[in-house]
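Structural characterization, general
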Amino acid sequence: MIKPVLALLALCSPALADQSPLPFDLGGAFELVDQTGTARTQADPQGHPQLLFFGYANCREICSAALPMMAQVADAVAEQGITVTPVMITVDPARDTVDNLGPALAQHHEDFIGLTGTAAQLQVAYDAYQIETEEVFTDPEYGPVYAHGSFLYLLDAQGKLLTLVPPVITPEAAAGIVAKYTQGQS
C-alpha cells in the first residue's frame, strides 16, 4: 500500500507538474447547488481554477485541516496574482444545506463555495472523483462522523482535473503545486 501512496504523492510534486495526462481517470461533469441556491457545474463561472475538496462543514477530523489549508493556499497564490476558488462538495447533505453551508465555510475564506444537492446529484460528483463516504459513528456533540476522501483536487476553470494535492503537506508546498499548474490561468 505504501508504494501506490508514494507514487501518488510524487505525481503531486511541483517538480513533476509538467507531466500530463494523469495516469488515472478522475473528474467529470456534475451539477449541484451552491450556498446561495444557484446551480453550479464543475466549471467556475468566473473563469478561475478551483481547489476542490469533498467533506462536510462541521467535520472535526480531516476537514478541520483541509478547509483552512485551502484558504491559506488561495491567499498564498493570490499574492502571486493567481485567483483560485476553494470549493467543498458536501458528503453530509442532511446538515450541509443551502442555508448553512455559506456561513460555515465563510469562517475559513470569504470566497469559499459550498456545493450540495440531491443524493443522485451528489452521487454523480462522488462517482466522477471516486469518492466513497460512510457514516462511521455518531459523536454525541457534533452528530454523524463520516469517513471520506481527503485529497484536494486542482481543477482548471472548465472543471478539468489538473492534479491532486495531498492534504498532509504544508500550505506553502500546496501553494507551490497550485501555482505551478495554474500560471496564466486566472
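Computed from a predicted model, the values in this text were never measured in an experiment.

What about the UniProt feature "binding site: Cu cation" (unreviewed entry) in the protein chain?
Look at the UniProt record and you will see "binding site: Cu cation" (unreviewed entry) annotated at Cys59, Cys63 and His148. Of note, His148 is situated in the loop between β7 (143–147) and β8 (152–155). With a relative accessible area of 14%, His148 lands in the buried category.

A closer look at helix α4 (residues 119–128)
The set of residues buried in α4 consists of Leu122, Ala125, Tyr126 and Ala128. Mapping the buried residues of α4 onto a view down its axis gives an arc of 165°, with all of them on the same face. The exposed residues of α4 that point more than 90 degrees off its buried face are Ala119, Ala120 and Asp127. Where α4 is buried, its residues touch β1 (31–34), β3 (50–55), β4 (85–90) and β5 (113–116). Phi for Gln130, located one or two positions after α4, is positive at around 55°.

Brief notes about the packing of aromatic side chains
For the structure on display, the rule yields five aromatic pairs. Residues Phe54 and Tyr153 carry aromatic rings whose centres are separated by 5.9 Å and whose planes lie at 90° to one another, so their mutual orientation is edge-to-face. Taken together, the positions of Phe54 in strand β3 and Tyr153 in strand β8 put the pair 99 residues apart, joining distant regions of the chain. Given the relative accessible area of 6%, Tyr153 is considered buried. Between Tyr56 and Tyr146, the aromatic rings sit 5.3 Å apart at their centres with planes inclined by 80°, giving edge-to-face as the arrangement. Placement of the pair is Tyr56 in the loop between β3 and α2 (63–78) and Tyr146 in strand β7, with a sequence separation of 90 residues. Across the pair, exposure class does not vary: Tyr56 and Tyr146 are buried alike.

Digging into the sheet that holds strand β2 (residues 39–41)
Pairing within the open sheet is mixed, and its seven strands lie in the order β2-β1-β5-β4-β3-β8-β9. Each end of this open sheet is capped by a strand with a single partner; those strands are β2 and β9 (161–165). Strand-to-strand, the axes of this sheet are offset by a mean angle of 35°, without reference to chain direction. Strand direction decides the pairing type here: β8 and β9, joined by four bridges, are antiparallel.

Notes on the environment of Phe112
Position of Phe112 among the secondary structure elements: in the loop between α3 (98–106) and β5. On the accessibility criterion, Phe112 (2% relative accessible area) is buried. Taking C-alpha positions, Phe112 is 9.9 Å from Val84, a pair spaced 28 residues apart along the chain. Discounting chain neighbours no more than four positions away, the residues touching Phe112 are Gln35, Leu67, Met70, Pro86, Val87, Met88 and Leu105.

Each value, and the rule that gives it
- Residues numbered from 1 in each chain as written.
- Predicted model: local features only at pLDDT ≥ 70, side-chain atom pairs only at ≥ 80, totals over all residues.
- Heavy atoms only, no water.
- UniProt positions renumbered as here; feature names shortened; annotations may be inferred.
- Helix = DSSP H or I, 4+ residues; strand = E, 2+ residues; numbered from the N terminus.
- Buried < 20%, exposed > 50% of the residue type's maximum accessible area, 1.4 Å probe, protein only.
- Arc of directions from axis to C-beta.
- Contact = heavy atoms within 4.5 Å.
- Phe/Tyr/Trp six-rings, centres within 6.5 Å; stacked < 30°, edge-to-face > 60°.
- Pairing = 2+ DSSP bridges.
- Axes fitted to C-alpha atoms, helices over the stretch in contact; angles between N-to-C directions.

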